Amino acid sequence: MLRMFLAATTLALAAWTPTSSATEATPTPTPSVTPTPTPTITCPPVLPITATVAGATTTSLTISYSIFLGPPCGYDPPMTVQLFASRDDAMKRLNPVAEAVSGPERNGTVTIGRLTPDTEYWYRFGDVEGRRDPYIVGGPARTLAESTCRATATIDARWGTGFVATATVRNTGTESIDAWRVSWRWSGDERVQTVWGGVADTAGADVTVRNAPYNGTLAPGAATTFGLLVSTSAVPDGLTLTC
């Protein structure tokens, strides 16, 4: 009897498989994160900056500019203007010969000096952060030629309401000239009444006198004169002429 009990117990133990008392946890899948796409910036179809030549002297050029767009489609001032000796150099941004930096204005001017008289230049823009404008290749912009004449004036007679002056025009160049023009600006209420030896053209305070038909040609070192009768309430100490 005891043998039968032990045999049955052994069979029962052999058939018994232990089970875990705790339920195994099922791993939770990690949700996938879809990256947010970077927004695409569309710039309006306009030039971010425009420019033109506003003035020239024998040794300088003044460039006027207007900035229409700020970053990322445009620029913030100050701007850098570079000058090049040829359009090909300007296109490739090679060998800049001069440069200047603008002020803080979005609409302003830049003057570049120390240039060669009677010379053509091309200009390109960039900002102080190093971004280069790919659109504007301006030019040619030419500096003025050195004057080949010099004009001076003396006041010959004066009275309470006017004066008479003589202007001398001299060819200071090495070649003959066949025409000359002298200009100046009045500082008060002066008005030209009569001119002899030249042809006058006045516009407000600005006066220009061109040569007469018979005295426009001047050999190197030669000179001619023209005279003025001027009315005014205060006679100036002298005249500063540009030839």
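Scroll up a little and you will see the structure.
Per chain, residues are indexed from 1 in the order of the written sequence. A pLDDT threshold of at least 70 governs which residues receive local features in this predicted model, and a stricter bar of 80 or more applies before side-chain atom pairs are shown or counted, although totals over entire chains, interfaces and linings include all residues. Hydrogens are left out, water is left out, and the side-chain values use all remaining heavy atoms of the structure.

**Q** How do you make sense of the overall build of the protein chain when you look at a structure like this?
**A** When helices and strands are tallied, the protein chain shows 2 helices and 14 strands. For each residue, the accessible area found with a 1.4 Å probe, counting protein chains only, is set against the maximum for its type, and the residue is called buried under 20%, exposed over 50%, and partly exposed in between. Expressed as a percentage of the 243 residues in the protein chain, the buried residues total 32%. Partitioning the contacts of the protein chain with sequence separation of at least 6, the portion at a separation of at least 24 is 65%. Put simply, DSSP H or I for four residues or longer makes a helix, DSSP E for two residues or longer makes a strand, and each gets a number counted from the N terminus. Here, residues are in contact when the closest pair of their heavy atoms is within 4.5 Å.

**Q** Before we go on, may I ask you to explain the packing of aromatic side chains in this structure?
**A** Note on aromatic pairs: each is described by the distance of the centres and the angle between the planes. Side-chain rings of Phe, Tyr and Trp (the six-membered ring for Trp) are treated as a pair once their centres are within 6.5 Å; stacked means planes under 30 degrees apart, edge-to-face means over 60, and tilted covers the remaining angles. Counted by the stated rule, this structure contains 5 aromatic pairs. Plain terms: the ring middles of Trp 180 and Phe 226 are 5.8 Å apart, the flat faces sit at 15 degrees to each other, and that makes the pair stacked. With Trp 180 in the loop between β9 (162–171) and β10 (181–185) and Phe 226 in strand β14 (residues 223–231), this pair connects stretches of sequence that are 46 residues apart. Judged by its relative accessible area of 4%, Trp 180 is buried.

**Q** Would you mind showing me how to read the sheet that holds strand β11 (residues 191–196) here?
**A** Across a sheet, strands are paired by hydrogen bonds formed along the backbone, either parallel or antiparallel in direction. Whether two strands pair comes down to DSSP finding at least two bridges between them. What the 4 strands build is an open sheet, ordered β8-β9-β14-β11; its pairing is antiparallel. The two strands at the open ends of the sheet, each matched to only one other strand, are β8 (149–159) and β11. Taken pair by pair, the neighbouring strands of this sheet meet at an average axis angle of 25 degrees, ignoring direction. Taken together, the 5 bridges between β11 and β14 define a ladder with antiparallel strand orientation. Bridging from a neighbouring strand, Trp 196 pairs with Gly 227 of β14. Convention adopted: a line fitted to C-alpha atoms gives each axis, helices being fitted over their contacting stretch, and angles between N-to-C directions are expressed from 0 to 180 degrees.

**Q** Explanation requested: the sheet that holds strand β2 (residues 61–67) in the structure shown.
**A** The sheet built from 3 strands is open, its strands ordered β1-β2-β5 with antiparallel pairing. Bordering the open sheet on either side are β1 (49–56) and β5 (107–112), each of which pairs with just one other strand. Neighbour-to-neighbour, the strand axes of the sheet open up by a mean angle of 25 degrees, direction not taken into account. In the sheet, β1 pairs with β2 via 7 bridges, with the strands oriented antiparallel. Among the inter-strand pairings, Gly 55 is bridged to a residue of β2, identified as Thr 62.

**Q** Would you explain the side chain of Asp 127 in this entry?
**A** With respect to the helices and strands, the residue Asp 127 is situated in strand β6 (residues 120–127). Polar contact is defined as a pair of N or O atoms within 3.5 Å, subject to the rule that within protein one atom must be able to donate a hydrogen and the other to accept it, and that residues adjacent in sequence are counted only when both atoms are side-chain atoms. A distance of 3.1 Å separates the side chain of Asp 127 from the backbone nitrogen of Glu 129, its partner in a polar contact. Once residues lying within four places of it in the same chain are set aside, the contact partners of Asp 127 are Tyr 75, Asp 76, Pro 78 and Met 79.

**Q** Is there a simple way to think about the pattern of salt bridges in this case?
**A** Close approach of charged atoms allows side chains of opposite charge to pair. Any carboxyl oxygen of Asp or Glu within 4 Å of a side-chain nitrogen of Lys or Arg constitutes a salt bridge here. If you walk through the whole model with that rule in mind, you get 6 salt bridges. Note that Arg 131 and Asp 127 form a salt bridge whose closest N and O atoms lie 2.7 Å from each other. One salt bridge connects Arg 185 with Asp 206, and the closest N-O pair in it is separated by 3.0 Å. Here Asp 206 lies in strand β13 (residues 206–211) and Arg 185 lies in strand β10, a separation of 21 residues in the sequence. Take Arg 185: its relative accessible area is 58%, and that puts it in the exposed class. Relative accessible area serves as the criterion here: at 32%, Asp 206 is assigned to the partly exposed category.

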